[in-house]
Amino acid sequence: MGPPSREAWAQRLGAFRASPCAFLAGPQGEDLGRELLSDLRSDKLSEQTKVSLLALSLEYAAQLWPDAPAAEAAAASLLDTLVLLPPRPSALRRPLLLAATTALAAGGALGPASGAACRLLPLLLGLALGRDLGRGFGPASEQRPLQATACECLRELESCQPGLLRASLGPLRAGLAQEGPVQPLSLLLALALHNALALQPRAGAGLQGLLTARVAAAGDSPWSWTLAGDSDVPFEPQAPSWPEAEEGARGLLALELSPEESRELRATVAQLLDASYLLAPVAQAQLLWLLCRALRGLRGQPPALFKPQLVRLLGTAHPGCPAPGPAPPHPPLLPPLPPELPRKLSAGPRRRGGRPAAARAPAVPRPPAPALCTSPQPSLARLHLLCLLCAEDTEEDDRGQGGSPQRYLEELLAGLRQRAALDGGPRAWATLCFQASYLVAHCLAGQPAVLTPLVRGLAQLYRARPVLAPHFVDLLDRVGPELGEPLRVALCREVVSRPGGDAALGWHLQVLARVVGAGSQSATLHFLQAAAAHCPDWGLQQALLRVCRALLGSGGGGGLADLLQALARWLEDPDGRDHARLYYVLLAHLAGPKLGLALGPSLAAPAMASSLVAENQGFAAALMVREAAAPMRLSVGPRVATGPCPVLQLQVEALEPAYSLELRFRVEGQLYAPLGAVHVPCLCPSRPASPLLLPLQPRRPAPTRLHVQALYTTPAGLTCHARLPPLTVTFSHLFLPFPQAPRGAEPGFFEELWDSCLPGGAESRVWCALGPQGLETLVSCHLEPFVVAARPPASYHVAIRLPPDSKLLLRLEAPQVDGVPVALRTDDWALLPLAADYLRGLSAAA
Amino acid sequence: MAQRAVWLISHEPGTPRCGTVKFSRRYPTVEKRASVHNGANYVPVPEDGPFLKALLSELRLLGDDKDFVESRDSCSRINKTSIYGLPVGSEELWPVVAFLKNDMIYACVPLVEQTLNPRPPLISISGISQGLELLFGIQDFLYSGQKSDTELNTKLSQLPELLLQACPFGTLLDANLQNSLDNVGFASVTQPQKQPAWRAGTYKGKPQVSISITEKVKSMQYGKQDIADTWQVVGAVTCKCDLEGFMPNVTVSLHLPTNGSPLQDILVHPCVTSLDSAILTSSSVDGMDDSAFSGPYKFPFIPPLESFNLCYYTSQVPVPPILGFYQIKEEDIQLKITVNLKLHESIKNTFEFCEAHIPFYNRGPITHLEYKVSFGQLEVFREKGLLVWIIGQKFPKSMDISLSGTVTFGAKSHEKQPFDPICIGGTAYLKLHFRILDYTLTGCYADQHSVQVFASGKPKISTHRKLISSDYYIWNSKAPAPVTYGSLLLLP
């Protein structure tokens, strides 16, 4: 099968370039390197195709020939191809030299044992020095470009194998002095010299001989293979890095040259520098860089050597020079200025009237008009400098109208905020604004004069564009408390002042979850309550819950428990409800640091997680219920005479905060059915507690005493038990009214009840003493709900239902000055003494 | 001091990948060196696909900026340089030099010849400066004189061959790729010794030297008491020397009129062989004594074959050529505008053209306009929301002209009307465009009799001068305006 055609190769190369790894792993990949080498000798392929094959090998040598033997074989094959080329002009010679060099160096085959290297190196050196290579290596017209290429190849080999050309310094220097391409030879000599000096302590003396030899130094081999590899110190051409502090690391200081060596070295350097103006600017930069590095720390090499070239370069528009001496005129790391501008600081401002701005403070690059700042990088760099200027400027007086850098900074920030606030603007504008704010906060943390307007401006920005909420959260996470705390407060105020149903509610909740803290809880809760009604979807509900969680983390506080309970009921989403309930339970059962720990491990409570031993005692204590003094006072409130059964209204007065309070009641004497426990989410001394309603289920209508116990959690997270003083349930607490009789039928209704009591029941008469208020007041105070028929002020018929199924009827008629005779009937004779006692009690109260 | 790889990527917003690698070049020998120098911290250069994605994401060019992405948008991720670290798998490729210009992303990965942990300071990595030079060089090559996409594609197809010349092993030899292109053409010429690297061949033909001085004047005028107006002039001297011989020497002298302000911040082309240090002492920044040196400014050089900028300079001229005043009053849906322009009496009153562009951003199209001009004529571009006041070739004798009018706008539709992040609310500007031939604001000139040429044949020497406006803004005095560096550095 013949070699692939031009088209086939183009296709193959295209596929290879698209993804070299995938191609090499595929079926075609295996033979690519081999076929490429063989097709280079094919007569059927054009030179152009062969050049493209060589171009591929230049880029992917390491992939095509991945190990040293393959690289060695490839280099040998390329060299064979090179020498077999017919002596007419060919575009292949240069790329073949480059490809052979690349294959050897990239494949790790470079070494004294490499046959290809031993063929390539003399060929390259001969070409570089313009020697006649005997058989007429290529036509004369190609000699100059081949000479330059050979120099480049040698330079690359010297870079990969530092010190390799040490023995060839003299011939290279001689080549430069004669006719030869200045730039390639200069750069090659400079690199070889640099490496030779860097490795001189390892190689021993003899520099003078090396620099003056007209032919390669004698010895077994003109190539120094081992210099770079025989030391523990890695050869790092760029180290020690800026600033030049640790000279000793490369042993340069240890290098002592003899006067003759110094003189010869100086002459070589001068020779290179004198011709340097003939080099392209980037090549000049490399040359100076190499020479500066090479001579650093050497005695007898005065820096004045460089002066004429440096003076010339300092006024040059494209130095491209990484600065031997002062910094280059334009900062090399910034994007380029528009090409029509000189790469140097542009001209200064003038005052109105034309007097030049004479005395200036520091030389600061001036920020251009924002319209010209399309790239954020220079803007930030300039802003940073401006911040530093402001920081330096604090001591000085304000320069008055428009003079102060601070005012300028403020205007700049305001401009950036204005851009960020534009609806629909790209995110990069917002990012730039926040980066600028971050820089200012970072540099000017101690300056309230700067930070106060910044906080105000940012709050305004939030008001204008809540969609930037993630940026605000990010900023708060990054800045220190100097900006963070006031900004947090300002944003919290900004958010909670919004109506709950704002379209940007999601963003508000996101910000709020970050900014809630002590001090604004009531307003926050208010906002959340309003917002809860506008959270139809899962995302918003979760955002709402995250704020609740943040509130929990910051200590909970009054009202949160109520909100969580409400959310546990209201939220449509079961997940949301569960979370609300969970938070509520956490709030109810844990407090303080434990709550923080439960919400997520944080630095705030490290001890809880780590120190187990110390924790154990406290942990055991936390698990046990401890006896404590009652955290509240209970009392029986006014009678609630409604509903099917009597209800005891209990007044609670909290003495200490208590969470998850459970009140247990035991009835003395089993007169009533057992009473259920009453639960209170939380009690807070500062907050009036609503009364508790305790339904009673009497088995006998009799007064009794209730023994009360309280079980609750303290804010410290401990579970406590307390006994409370017993509560007395009086006879009257059991009174219930009869259902309302139809209007007008009341007297008849009463008479029916009255008659129904006998004969099974009992009848009695009691004298009830009246106080100065008289009968009417007595009735209205004590018996009002039970009056069935009345003719005030002289006659009242009272019917009282006593659960489970008794009744007590009273007739209060014809009062006298000091009392009223009460006729009473009941269907339960056991009630008579209780009723009599009750009525006597009323007399006593009167 | 070398590059591990170079890329050219066209930014194509709206396409699925948002970009295409137009050109890439890897240097395996440099990669080998990187693996040796960087040791355990060595991260191989990824293939084009993953690199493209990582770079576009880092440069915010994936068009996905709808959501806040912390790794990209965080306020503390401040990068003041064009040097990036790109996530490659679980590691980070650093340093990557990259910038976007004309929808083309230029990127390279310089070699760091030392350990990467800790990261060395950027200034100590010589490959970064060189990488930038290489990328600028490619940019200059692609866009110099290029007019159409076809030309761009032709130039892109030339890049592999050019880089083989200019950067065969990842170490840049000449940032001027055009030179390399010429070199290819001149390869058959047997060259003598000592030819400058930037002068690839020789010129054959009639000897001539052309020197032209172009001054650009910029200004920001506010019409406010508390903000000082600013103006500056930047000059560039462009030469084209068609001279025979391998190393012709030319000396050009720049002269100033008596009492002219001295030239400052002078920067010369690298082909200038020597420079009097007195020329370099006058700088606009350090406020040295201006009277120290006022020319003539002599520049001896060996000219490259192509046209080049011999030098740049700035100068402190006493007045802006045109003093302007612009005022907008917003009344309901109308804007009342007033413009006054005054040409300074010392300025040559012969323009090639002079126009004032009055754009209205972030508003709807112009639906109605009533105006009065004391001179010239007004053109209205309704859809663009732009007024162009064509002043013409001369100011009237009074040197003072005015425009007043009332502009009404229609409803704003986002797609069509020009959008501007600065001109919000009352913030608005008027921009002057003018050109005056055979004139410089500084008075700087190159006397053709003082041009010395050491080359065979007597060349024809021609000199030209012109003043053109550039970023000449007059801001609405009734609203906030972006302050340039204005008063920042001024002391009472």
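Residues numbered from 1 in each chain as written. Chains lettered and ligands numbered in written order. Predicted model: local features only at pLDDT ≥ 70, side-chain atom pairs only at ≥ 80, totals over all residues. Heavy atoms only, no water.

Engineer: Would you mind showing me how to read the overall build of chain A here?
Structural biologist: When its secondary structure is counted, chain A shows 32 helices and 14 strands. Out of the 846 residues belonging to chain A, those deemed buried represent 52%. Residue pairs at least 24 apart in sequence account for 67% of intrachain contacts in chain A once pairs closer than 6 positions are excluded. For chain A, the exposed surface amounts to about 36500 Å²; the carbon and sulfur share of it is 57%. (Helix = DSSP H or I, 4+ residues; strand = E, 2+ residues; numbered from the N terminus. Buried < 20%, exposed > 50% of the residue type's maximum accessible area, 1.4 Å probe, protein only. Contact = heavy atoms within 4.5 Å. Areas by Shrake-Rupley, 256 points an atom, 1.4 Å probe, with all protein chains shown as cover.)

Engineer: Would you explain the nonpolar core in this entry?
Structural biologist: A general feature of soluble globular proteins is that nonpolar side chains tend to end up buried together. Residue and element names in this part refer to chain A. Among the nonpolar cores identified, the biggest contains 99 residues, and Trp65, Leu78, Leu97, Leu169, Leu265 and Leu291 are the most heavily contacted of them. Those residues in contact with leucine 97, other than ones at most four positions away along the chain, are Leu82, Leu120, Leu123, Leu124, Leu127, Leu146, Thr149 and Cys153. Counting residues in each nonpolar core, the second largest holds 79 residues, with Leu509, Val511, Leu512 and Leu571 among its members. (Core = buried A, V, L, I, M, F, W, Y, C linked by side-chain atoms within 4.5 Å.)

Engineer: Would you mind showing me how to read the sheet that holds strand 6 (residues 692–695) of chain A here?
Structural biologist: Sheet strands pair via backbone hydrogen bonds, and the direction of the pair is either parallel or antiparallel. Residues and elements named next belong to chain A. Across the sheet, 3 strands lie side by side as 2-3-6; this open sheet has antiparallel pairing. In the strand order of this sheet, the two ends are held by strand 2 (632–636) and strand 6, each with one partner. Put simply, the sheet's adjacent strands are angled 30 degrees from each other on average, direction ignored. Judged from the 4 bridges that link them, strand 3 (residues 647–654) and strand 6 form a sheet pairing that is antiparallel. The residue of strand 6 that forms the bridge with valine 647 is proline 695. (Pairing = 2+ DSSP bridges. Axes fitted to C-alpha atoms, helices over the stretch in contact; angles between N-to-C directions.)

Engineer: Help me understand helix 5 (residues 149–166) of chain B, please; the structure alone is not making it clear to me.
Structural biologist: Residues lying three or four places apart along an α-helix face the same way, a consequence of the helix completing one turn every 3.6 residues. Residues and elements named next belong to chain B. Relative to the 26 Å expected for 18 residues at 1.5 Å per residue, helix 5 spans 24 Å between its end C-alpha atoms, a close match to the ideal helical length. The sharpest bend along helix 5 reaches about 40 degrees and sits at leucine 159, with the proline proline 160 one to four residues further on. Among the residues making up helix 5, those that are buried are Leu152, Lys155, Leu156, Leu159, Leu162, Leu163, Leu164 and Ala166. (Expected span 1.5 Å × (residues − 1). Bend = angle between axes of the 7 residues up to and from the residue.)

Engineer: How should the packing of aromatic side chains be read in this particular structure?
Structural biologist: Between two aromatic rings, the relevant description is the distance of the centres plus the angle of the planes. Residues and elements named next belong to chain A. What the rule picks out here adds up to 22 aromatic pairs over all chains. The interplanar angle of 85 degrees and the centroid separation of 5.0 Å between the aromatic rings of phenylalanine 16 and tyrosine 60 together place this pair among those described as edge-to-face. Remark: tyrosine 60 occurs in helix 4 (residues 47–64) and phenylalanine 16 occurs in helix 1 (residues 6–18); sequence separation between them is 44 residues. For the pair phenylalanine 16 and tyrosine 60, one class covers both residues: buried. Here the aromatic rings of phenylalanine 434 and phenylalanine 472 are separated by 4.9 Å at their centres, their planes lie at 85 degrees, and the arrangement is edge-to-face. Placement of the pair is phenylalanine 434 in helix 18 (residues 427–443) and phenylalanine 472 in helix 20 (residues 469–478), with a sequence separation of 38 residues. (Phe/Tyr/Trp six-rings, centres within 6.5 Å; stacked < 30°, edge-to-face > 60°.)

Engineer: Would you explain empty space enclosed by the protein in this entry?
Structural biologist: Take a probe with the size of a water molecule and roll it over the atoms, and the empty space left behind shows itself. Applying the stated rule across the entire model yields 8 cavities of 30 Å³ or more. Looking at the largest cavity, its volume works out to about 260 Å³. For the largest cavity, the lining is made up of 20 residues, of which A:Ser159, A:Leu191, B:Met1, B:Arg33 and B:Glu113 are closest to its centre. It is helix 8 (residues 143–160) of chain A that provides the largest number of residues to the lining of the largest cavity, a total of 4 residues. Split by residue class, the lining of the largest cavity holds 9 nonpolar, 6 polar and 5 charged. (1 Å grid on protein atoms, 1.4 Å probe; cavity = no way out; pocket = protein on both sides within 12 Å on 5 of 7 lines; lining within 4 Å. Points joined across faces, edges and corners; volume = space filled by probe spheres on them. Nonpolar A, V, L, I, M, F, W, Y, C, P; charged D, E, K, R; others polar.)

Engineer: Would you explain the pattern of salt bridges in this entry?
Structural biologist: One side chain can pair with another of opposite charge once the charged atoms of both are near each other. Under the defined criterion, the tally for this structure stands at 35 salt bridges over all chains. A salt bridge links A:Glu7 to A:Arg6; the shortest N-O distance between them is 3.3 Å. Judged by relative accessible area, A:Arg6 falls into the partly exposed class, the value being 46%. Close ionic contact of B:Arg26 with B:Asp48 constitutes a salt bridge, the shortest N to O distance being 2.1 Å. With B:Arg26 in strand 2 (residues 19–26) and B:Asp48 in helix 2 (residues 48–58), this residue pair connects regions lying 22 residues apart in the sequence. Take B:Arg26 and B:Asp48: they sit in the same class, and that class is buried. Through salt bridges with shared partners, a single network forms among A:Arg41, A:Asp80 and A:Arg119. (Salt bridge = Lys/Arg side-chain N within 4 Å of Asp/Glu carboxyl O.)

Engineer: Explanation requested: the sheet that holds strand 1 (residues 625–627) of chain A in the structure shown.
Structural biologist: All names here are of chain A. Overall, mixed pairing links the 5 strands, which are arranged 1-8-7-4-5 in an open sheet. The outermost strands of the open sheet, each flanked by one partner alone, are strand 1 and strand 5 (678–683). Going from strand to strand, the sheet's axes swing by 30 degrees on average, the running direction of each strand aside. By the bridge criterion, 7 bridges tie strand 4 (residues 658–667) to strand 7 (residues 704–713) in an arrangement that is antiparallel. Residue pairing in the sheet places tyrosine 659 in a bridge with threonine 713 of strand 7. Along the sheet, helix 26 (residues 574–589) makes contact with strand 4, strand 5 and strand 7, crossing strand 4 at roughly 75 degrees.

Engineer: Would you mind going over the confidence of the model for chain B with me for this structure?
Structural biologist: Low-confidence regions, as indicated by low pLDDT, have predicted coordinates that should not be scrutinised in detail. Residues and elements named next belong to chain B. For chain B, the mean per-residue pLDDT works out to 86, and 92% of the residues sit at or above 70. Mean pLDDT across the secondary structure elements of chain B bottoms out at helix 6 (residues 177–186), with 65, and peaks at strand 19 (residues 429–437), with 96. Low pLDDT, under 50, characterises residues 185–190; the predicted model gives this stretch 8 contacts beyond four residues in sequence or across chains. Segment residues 485–492: pLDDT under 50, and 29 contacts once partners within four positions in sequence are set aside and those in other chains are kept. (pLDDT = per-residue confidence, 0-100.)

Engineer: It is not clear to me how the side chain of B:Thr442 should be interpreted in this structure. Could you clarify?
Structural biologist: Residues and elements named next belong to chain B. On the secondary structure map, threonine 442 appears in the loop between strand 19 and strand 20 (445–446). Of the polar contacts made by the side chain of threonine 442, one reaches the side chain of glutamate 215; its length is 2.3 Å. Beyond its immediate chain neighbours, meaning those up to four positions away, threonine 442 contacts Glu215, Val233, Leu256, Pro257, Tyr313, Ser315 and Val317. (Polar contact = N/O pair within 3.5 Å; in protein donor to acceptor, adjacent residues only side chain to side chain.)

Engineer: Where do I start with the packing of helix 5 (residues 68–84) of chain A against helix 6 (residues 93–106) of chain A in this structure?
Structural biologist: A pair of packed helices is characterised by two quantities: the angle between their axes and the separation of those axes. Residues and elements named next belong to chain A. Where helix 5 meets helix 6, the axes come as close as 8 Å, and the angle between the chain directions of the two elements is 165 degrees. Between helix 5 and helix 6, the crossing angle belongs to the class labelled roughly antiparallel. Crossing angle aside, the handedness with which helix 5 passes helix 6 is left-handed. Side by side, helix 5 and helix 6 meet where Ala71, Glu72, Ala75, Leu78, Leu79, Thr81 and Leu82 of the first sit next to Arg93, Leu96, Leu97, Ala99, Ala100, Ala103 and Leu104 of the second. Here the residues of the contact of helix 5 with helix 6 sort into 11 nonpolar, 1 polar and 2 charged. (Parallel < 35°, antiparallel > 145°, perpendicular 65-115°, else oblique. Left-handed = near helix turned anticlockwise from the far one by under 90°.)

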